[in-house]
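# Notes for the structure review
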Amino acid sequence: MPYSNEEALLDISIRNQLLHRNEAALSLVQAHWGKLLQGLAYRITGSLADAEECVNDALMDLWQHPPTDPDLPVLAYISTLVRRRALDKLRYRRAQRRAQDALVCPLDELDECLSDPEGQGEADASAIRDALQAFLDDLDEGNRKIFLLRYYAVMSNRDVALRCGIGERAVEMRLNRMRKRLRSVLHEHGIYL
Amino acid sequence: MKNNRDKLHSAFDELRGDTLREAAAALEAPVVQKRNTFRRWVGVTAACLSAVMVLGAVVTIPLLSADDPSLPDTNQMAVSVPSTDATLEAPEENYPFVRVQVLSATTDDNGDKEQEKEESVSVDMEYSRIMLTFNCAEGETAEITSHRTLNSKNAVSKRMETLLLQIESMEFSGNALKILERMLYREIRTLERNGEIETVLEPFRVITQISDRSFLVHKNLFRPTFLSDVVDFVIRNENGEVVGAGSVCLAAKMLYSSNMVRYEILGSKRFDAPVSDEDAAAYIDGLHENAEAVIAGMDFSPVTAEEGYELAKIDIIKLCYGNGEVIVPVDSLWTNSASFWEFRILKIRGRAQDEERFFITFPDGTWGEISEDSGWIYEECTDEKCTFGEGTHEHHTGRTFLLTDGRTVSVERQVYVDENGQSLEKYVPVFAPEAESA
C-alpha cells in the first residue's frame with residue numbers, strides 16, 4: 001500500500017517520541033487522527049461520550065504499549081486499539097441494557113455468518129482469524145475495501161458507497177454475497193459458530 | 001467468556017499487518033462523490049426537489065406565485081418552529097424558495113438517498129450540519145456569496161490553548177494533577193463570570209495521568225459554547241443576472257453532546273427586474289444590520305426532548321463541578337435512546353468506584369437528584385388483549401424515586417393507541433402532590 005513521504009515522516013516522528021517517552025506523540029495522534037478515531041468509536045458505540053472515552057483509553061493503551069511492528073502504521077495500530085475499546089463498551093452496554101435494544105450496529109449483520117451467535121463454540125481465536133484472513137485474501141481489492149469499511153470501520157452503507165464510488169444498492173448486494181461467502185469459508189475451515 | 005459473535009468481531013483486530021494497513025487506508029479514504037460545502041459556488045436547477053429526511057426542525061417558506069404561475073408549488077409541511085414566528089408570516093416581498101434543515105453532524109451519514117440527486121449547501125456548526133436547499137424557477141441557479149462567523153469563538157479557544165500550553169511546559173511532580181485541574185477549572189469559571197462562555201464545557205478526563213511525571217491534557221474538550229454565522233446567497237437567471245438575493249442567520253448553542261441550532265432568514269427577495277451584483281450586495285448588507293439583534297432575540301428554550309435532557313445534564317454537571325468531583329457522566333442506564341421513556345436517569349461517577357450520584361432528568365430541562373429508589377413493581381397482566389406479551393406475563397408498572405429536594409416522583413406505565421391503531425406503551429413521570437412529598 002503506497003505510503004506518502006509525509007505520512008511516513010509523521011509515523012516516524014510519533015514512534016520516536018513514544019520511544020523517548022515524550023507525550024507530545026499523543027498530541028500528534030490526537031491532532032491528526034482524533035476526529036477519525038472518534039468517528040470510528042461513535043459508529044460502534046452510538047454514544048458520543050462513550051466514543052470520547054474509548055479514544056482516551058486507546059491513547060493510554062498506545063502510551064503504555066507502543067507499536068513494535070515497524071511495518072504497521074501507527075494509524076492502523078491505534079485504530080485497532082480504538083475498535084477494541086469500542087467493542088468492549090458496546091458489549092458492556094448491551095449487557096447492562098434492560099429496555100428494548102434500539103441500537104442497530106452494522107456488525108450485527110455478521111450474525112448471518114454464524115449458526116449460533118450467542119453460543120460459545122469451541123473454535124479458538126486464531127482459527128477464526130485465519131479463516132477471516134483467508135476470506136479477505138480471496139477478495140479482490142474493491143470488495144475487500146467494501147467489506148473492511150463496513151465491518152472494520154463500521155460505516156453505513158451510504159458512506160461505504162460514497163468512498164467506493166458505487167451505488168448504495170450495489171454495496172448492499174455485494175455485502176450480502178460476501179457474508180454468505182464468509183459463512184462458507186468458516187465452514188471450510190471447520191469452524192461452526 | 002466470549003460468545004461466537006464476539007469472537008468473530010474480535011478476529012478483525014488480529015488480522016495480518018498489511019490487511020490492517022489497508023483497513024486504515026480505507027478509513028482515511030475521502031469520498032469519491034463530490035459534496036458541496038458552503039465554500040463552493042453551488043448551482044441548483046429548478047427540476048431538483050429534495051425530500052431530505054428531517055432530523056431536526058424544518059421551516060419552509062412558501063414561494064409566492066401570484067404573478068408567475070410557472071413557478072413550482074412549495075412543500076407545505078406542518079413543523080415545529082425553532083425560530084421566531086415572524087419568519088413564517090406571509091412575506092411582504094416575493095421570496096426565492098430557501099429551505100433550512102438542521103441535521104446531525106455526529107455521523108457522516110446525511111441520512112437520505114435523495115440528496116444524491118441534488119446539490120445542496122451544508123454548513124457545519126460543531127455537532128450539527130445545516131442544509132440550505134434552494135428551489136428556483138426553471139433556468140435559475142443559486143449561489144452562496146458569503147459565509148462568515150460573527151462571534152469571537154477563536155478568542156476563547158486561544159486563551160484555553162495558551163493556558164494548556166503553559167501547563168504542558170511545566171515541570172511537576174506526580175501529585176500536581178489536582179493543582180492542574182484546579183487551575184483549569186478556575187479558568188473555566190473566570191470565563192463563565194466574564195460571560196465568554198455560557199456553560200461548563202465537557203470536563204471529564206480533562207487530565208489523564210500517564211506516568212509519575214507526565215500528563216495528557218485533552219485540549220479538544222475545550223470548545224466555545226456559542227456560535228453564530230451568516231450565510232448570504234443570490235439567485236441568477238440563465239443569463240447570469242441576479243434576480244433574487246437573501247441572507248440566513250444561524251446560531252448554535254453548545255450542549256453536552258449536541259447543539260441547539262436556531263436559524264432565521266434575515267431576508268429573501270425576488271427582484272422585479274434583474275439587478276447588478278453591487279445592488280444585490282447592498283440589499284444583503286442592509287439585511288446584516290439586523291443580524292446581531294436577531295441573534296440576541298433567538299429563543300433557546302428547549303423545543304425537543306433531546307434538548308431538554310442535554311440542558312438538564314449541563315445543570316447537573318455544573319452542580320457536581322462545584323463539589324470538585326471528576327465528572328464522567330453515564331447517560332442513562334436504561335432510559336437512553338428508547339422513545340417510550342419520558343424521563344431519563346443519569347449517573348455521575350466520582351473519582352472512586354463507589355462514588356456515584358443519580359439524577360432524573362425531564363424533557364423540559366428540569367431535573368432532580370435521587371436519594372431513594374424503590375425499584376420496579378411488577379404486576380401480572382390480566383388484559384386478555386394485551387399485545388406486549390404472550391401467555392402469562394408481567395409488566396413493570398411502577399417505580400418511585402424520592403428526590404433530595406423532598407419531591408416524590410413515580411413512574412407509571414401507560415398504554416395508548418396511536419393514529420395507526422397500534423397499541424404503544426410509555427412510561428411517564430408523575431409528581432406526587434407537595435403535601436405527600438413533605
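Residues numbered from 1 in each chain as written. Chains lettered and ligands numbered in written order. Predicted model: local features only at pLDDT ≥ 70, side-chain atom pairs only at ≥ 80, totals over all residues. Heavy atoms only, no water.

## Examining the pairing of strand β14 (residues 367-373) of chain B
Residues and elements named next belong to chain B. The pairing of strand β13 (residues 356-361) with β14 spans three bridges and is classified as antiparallel. Following the sheet pairing, Phe359 is matched in β14 by Glu369. Where β13 folds back onto β14 in an antiparallel hairpin, the turn is made up of five residues, including Gly365, whose phi is positive at roughly 95°. (Pairing = 2+ DSSP bridges. Helix = DSSP H or I, 4+ residues; strand = E, 2+ residues; numbered from the N terminus.)

## Looking at the confidence of the model for chain A
This prediction gives chain A a mean pLDDT of 82; 91% of its residues lie at or above 70. The element-level mean pLDDT for chain A is lowest in helix α3 (residues 48-64) of chain A, coming to 79, with helix α6 (residues 141-151) of chain A highest at 92. (pLDDT = per-residue confidence, 0-100.)

## Topic: the packing of aromatic side chains
For the structure on display, the rule yields nine aromatic pairs over all chains. Arranged with centres 6.1 Å apart and planes meeting at 15°, the rings of Phe147(A) and Phe12(B) form a pair that is stacked. Highlighted residues: Phe147(A) in helix α6 and Phe12(B) in the loop between α1 (4-11) and α2 (17-28), drawn from two different chains. For Phe147(A), a relative accessible area of 0% corresponds to the buried category. Relative accessible area serves as the criterion here: at 0%, Phe12(B) is assigned to the buried category. Put simply, the rings of Phe135(A), Phe147(A), Tyr151(A) and Phe12(B) touch in pairs and so form one group of aromatic residues. (Phe/Tyr/Trp six-rings, centres within 6.5 Å; stacked < 30°, edge-to-face > 60°. Buried < 20%, exposed > 50% of the residue type's maximum accessible area, 1.4 Å probe, protein only.)

## Re the environment of Trp376(B)
Inspection of the secondary structure assignment puts Trp376(B) in the loop between β14 and β15 (377-380). For the pair Trp376(B) and His395(B), spaced 19 residues apart in sequence, the C-alpha separation works out to 9.5 Å.

## A closer look at the packing of helix α1 (residues 5-19) of chain A against helix α2 (residues 24-45) of chain A
All names here are of chain A. For the pair α1 and α2, interaxial distance at closest approach is 8 Å and the crossing angle is 150°. The angle between α1 and α2 falls in the class roughly antiparallel. Residues Leu10, Ser13, Ile14, Gln17 and Leu18 of α1 lie in contact with α2, whose contacting residues are Ala24, Ala25, Leu26, Leu28, Val29, His32 and Trp33. Partitioned by chemical class, the residues of the contact of α1 with α2 number nine nonpolar, three polar and no charged. (Axes fitted to C-alpha atoms, helices over the stretch in contact; angles between N-to-C directions. Parallel < 35°, antiparallel > 145°, perpendicular 65-115°, else oblique. Contact = heavy atoms within 4.5 Å. Nonpolar A, V, L, I, M, F, W, Y, C, P; charged D, E, K, R; others polar.)

## Thoughts on the environment of Glu372(B)
Residues and elements named next belong to chain B. Of note, Glu372 is situated in strand β14. We classify Glu372 as exposed; its relative accessible area is 51%. Sequence-wise, Glu372 and Phe401 are 29 residues apart; in three dimensions their C-alpha atoms are separated by 5.7 Å. Apart from the residues within four sequence positions on either side, Glu372 is in contact with Thr400, Phe401 and Leu402.

## Quick notes on the sheet that holds strand β8 (residues 226-236) of chain B
Residue and element names in this part refer to chain B. Spatially, β5-β8-β9-β10 is the arrangement adopted by the four strands of the open sheet, whose pairing is antiparallel. Looking at strand neighbours, the two that pair on one side only are β5 (141-149) and β10 (259-275), the edges of this open sheet. Across the sheet, the axes of successive neighbouring strands diverge by a mean angle of 15°, strand direction being ignored. Strand contacts of helix α5 (residues 277-288): β5, β8, β9 (242-254) and β10, with the helix running at about 30° to β9, the strand carrying the most contacts.

## With respect to the pattern of salt bridges
Residue and element names in this part refer to chain B. Under the counting rule described, the total for this entry stands at 29 salt bridges over all chains. Note that Glu310 and Lys313 form a salt bridge whose closest N and O atoms lie 3.7 Å from each other. Of the two residues, Glu310 and Lys313 are both situated in helix α7 (residues 305-322); the distance of three residues between them amounts to about one turn of the helix. Here Glu310 and Lys313 have matching classes, each one buried. (Salt bridge = Lys/Arg side-chain N within 4 Å of Asp/Glu carboxyl O.)

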